[in-house]
Amino acid sequence: MSKIYKILWIDDEHDDDALLPFILQAEAQGIILEGYGSFKEGFYALESNINNYDLILLDALFFEDETSETPNPAGLGSAIQKIHELRSRKTFPYFVLSGQTHFTDVTNPILEAFKIRCYNKKNPDDVKELLINIKTEADNQIVTQIKHENQLLFNVLKEYPDEVRDTFITIFRNQKEGNNQFDDQLYFTQLRIILEHLFRKANDIGILHDACVQKGNNQVNLTESSLFLAGFDTKHLNVNCAITHFPKLIAENVKNIIYTTGAASHTSNVNVTQNIDIQAYRKDIISPYLLYSLAFQLMDVLLWFDSYSKTNDDIALNRSLWKSFNRDQFGNKIEIEKITNITHSGWGTVEINNGTKKISIHKDAITQSNLAVGDQIKFNVKDSSLAQNITKI
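What comes next concerns the included structure. Here the structure is a predicted model, which means the values were calculated and not measured.

### Here's the deal with the packing of aromatic side chains
Applying the stated rule across the entire model yields 9 aromatic pairs. The interplanar angle of 40 degrees and the centroid separation of 5.0 Å between the aromatic rings of Phe39 and Phe43 together place this pair among those described as tilted. You can see Phe39 and its partner Phe43 sitting in helix α2 (residues 39–48), 4 residues apart, about one turn around the helix. In this pair, the class of Phe39 matches that of Phe43, namely buried. Members of the aromatic cluster, connected to one another through ring pairs, are Phe246, Trp304, Phe305 and Tyr308. Seen from the ring of Tyr160, Lys201 lies directly overhead, with NZ or CZ sitting 4.7 Å from the centre. Between Lys333 and the ring centre of Phe325, over which it is positioned, the NZ or CZ distance is 4.7 Å.

### Topic: the environment of His236
Structurally, the position occupied by His236 is in the loop between α11 (222–229) and β8 (239–241). A relative accessible area of 55% places His236 in the exposed class. Taking the C-alpha atoms as reference points, His236 and Ile142, separated by 94 residues in sequence, lie 45 Å from one another.

### Some remarks on the pattern of salt bridges
Proximity of charged atoms lets side chains of opposite charge pair with each other. Under the defined criterion, the tally for this structure stands at 19 salt bridges. Between Glu129 and Arg117 there is a salt bridge, with the nearest N and O atoms lying 3.0 Å from each other. Taken together, the residues span a long stretch of sequence, with Glu129 in helix α6 (residues 124–139) and Arg117 in the loop between α5 (109–113) and β5 (118–120) at a distance of 12 residues. Notably, a salt bridge pairs Asp210 with Arg319, separated by 3.4 Å at the nearest N-O pair. Residue Asp210 is located in the loop between α10 (185–204) and β6 (213–214), and its partner Arg319 is located in helix α15 (residues 315–320); the two are separated by 109 residues in the primary sequence. The class for Asp210 is partly exposed, based on a relative accessible area of 31%. What emerges from the salt-bridge pattern is a single network uniting Glu47, Lys82, Glu85 and Arg89.

### Focus: the packing of helix α7 (residues 142–149) against helix α9 (residues 162–176)
Running from N to C, α7 and α9 cross one another at 105 degrees; their axes reach a closest spacing of 10 Å. One finds that α7 runs roughly perpendicular with respect to α9. Contact with α7, carried on its side by Ile142, Val143, Gln145, Ile146 and Glu149, involves Ile169, Phe172, Arg173 and Lys176 of α9 and no other residues of that element. Residues belonging to the contact of α7 with α9 are distributed by class as follows: 5 nonpolar, 1 polar and 3 charged.

### A word on the sheet that holds strand β3 (residues 55–58)
Whenever strands of a sheet pair, they do so through backbone hydrogen bonds, lying parallel or antiparallel. A sheet is described by the order of its strands in space; here 5 strands give the open sequence β2-β1-β3-β4-β5, paired in parallel fashion. Of all the strands in the sheet, just β2 (31–36) and β5 have a single pairing partner and so form its edges. For this sheet, the mean inter-axis angle between neighbouring strands, taken without regard to orientation, is 30 degrees. Pairing geometry for β3 and strand β4 (residues 94–98), over 3 bridges, is parallel. Opposite Leu58, over in β4, you have Val96 as the bridge partner.

### Regarding unusual backbone geometry
Most peptide bonds adopt trans geometry, and most residues besides glycine take a negative phi value. The backbone of Lys115 shows a phi angle near 55 degrees, a positive value even though the residue is not glycine. Relative to the elements of secondary structure, Lys115 occurs in the loop between α5 and β5. Its relative accessible area of 76% is what places Lys115 among the exposed residues. For Asn238, which is not a glycine, the phi torsion comes out positive at approximately 60 degrees. Mapped onto the fold, Asn238 is located in the loop between α11 and β8. Judged by relative accessible area, Asn238 falls into the partly exposed class, the value being 22%.

### Section: α6
End to end, α6 covers 23 Å across 16 residues, agreeing with the expected 22 Å (1.5 Å per residue, within 8%). Restricting attention to buried positions, one finds in α6 the residues Asp126, Val127, Leu130, Leu131, Ile134 and Ala138. Burial along α6 is one-sided: seen end-on, the buried residues are contained in an arc of 135 degrees. Away from the buried face of α6 by more than 90 degrees, exposed residues Asp125 and Lys128 are located.

### Looking at α11
Taken across its 8 residues, α11 has 8 buried, putting it largely inside the fold. Buried residues of α11: Leu222, Thr223, Glu224, Ser225, Ser226, Leu227, Phe228 and Leu229, and no others.

The rules behind each value
Residues numbered from 1 in each chain as written. Predicted model: local features only at pLDDT ≥ 70, side-chain atom pairs only at ≥ 80, totals over all residues. Heavy atoms only, no water. Phe/Tyr/Trp six-rings, centres within 6.5 Å; stacked < 30°, edge-to-face > 60°. Helix = DSSP H or I, 4+ residues; strand = E, 2+ residues; numbered from the N terminus. Buried < 20%, exposed > 50% of the residue type's maximum accessible area, 1.4 Å probe, protein only. Lys NZ or Arg CZ within 6 Å of the ring centre and 35° of its normal. Salt bridge = Lys/Arg side-chain N within 4 Å of Asp/Glu carboxyl O. Axes fitted to C-alpha atoms, helices over the stretch in contact; angles between N-to-C directions. Parallel < 35°, antiparallel > 145°, perpendicular 65-115°, else oblique. Contact = heavy atoms within 4.5 Å. Nonpolar A, V, L, I, M, F, W, Y, C, P; charged D, E, K, R; others polar. Pairing = 2+ DSSP bridges. Expected span 1.5 Å × (residues − 1). Arc of directions from axis to C-beta.

As structure tokens, this is what we get:
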């Protein structure tokens, strides 16, 4: 997979047709230029989504803000100053590209003060060299390296809020830099929030039941959502699905993430420090490796869902697979199924859990209720594989 570089480009003529060949030349090398006409507009975009960009390309003359009537060098000075101020958040390499002769052919005070070379956009050799240097400088940036090393993941994360991408970048960065003092527990909640985003997407295409996603109070029941997608009965919502969406390993990963990061509480709003298992774990092991393992498990979950959702996006069909059930006064699920077999000895069989589990019907119940193959019965299963409290429907 070829590398992609996202460049913040500030040039008052960025959308001019004359620059289209330059834009296409850059795109041919995986360099995507996102253009803005003024300093204020461009840096607002940058600060709003700082990890979206790998490098900054500046024209020598552009507008200071949307009220400016003519482009001037003040914009360049403001941009360079702002780049230096942002170093506490992220270090950005930057280049200057201009077609103005008083920047390309003579010494300019601003460029000289910051020891910056101005590439000539009218010189093909300069443009070629610039594109090579953009890729070289961007490749030296740790965030760019992380995005390139995990392109499958970050391609999927384009469909999620920016903070999801930023969470993974932070985790990967601490792993890459060997920061063993990283307070990983702060990010347990972030992993749960990412699962919450995934479950909302599952609900949007009908894979996950509405009952699991409480849209009114902005909560997602993570545990019940996990059970529903894994093909199990929900514990409290009394809904299930006619098919199993999660493969077994994905189901186990999701269950592990939810439990480990929140002791099986129902929403993302939990106090991780109250997790007794984590407290016991931390008595012996102080490291970020538990977080890393959970993050990698979640990566696979996200990749699986991206693929699965694209091939199972029929909302009406997905919703038609939703089922609801009732429980008796003791909390036992009330099953309604057809009798599939009666043996010569008089014992009957009924199948539950989408045909994955066989339940026996005592021969006396068969006789007393005059049951036959094909009869639909209402019953529950308490502690064994024997149907109880049978009623013929």
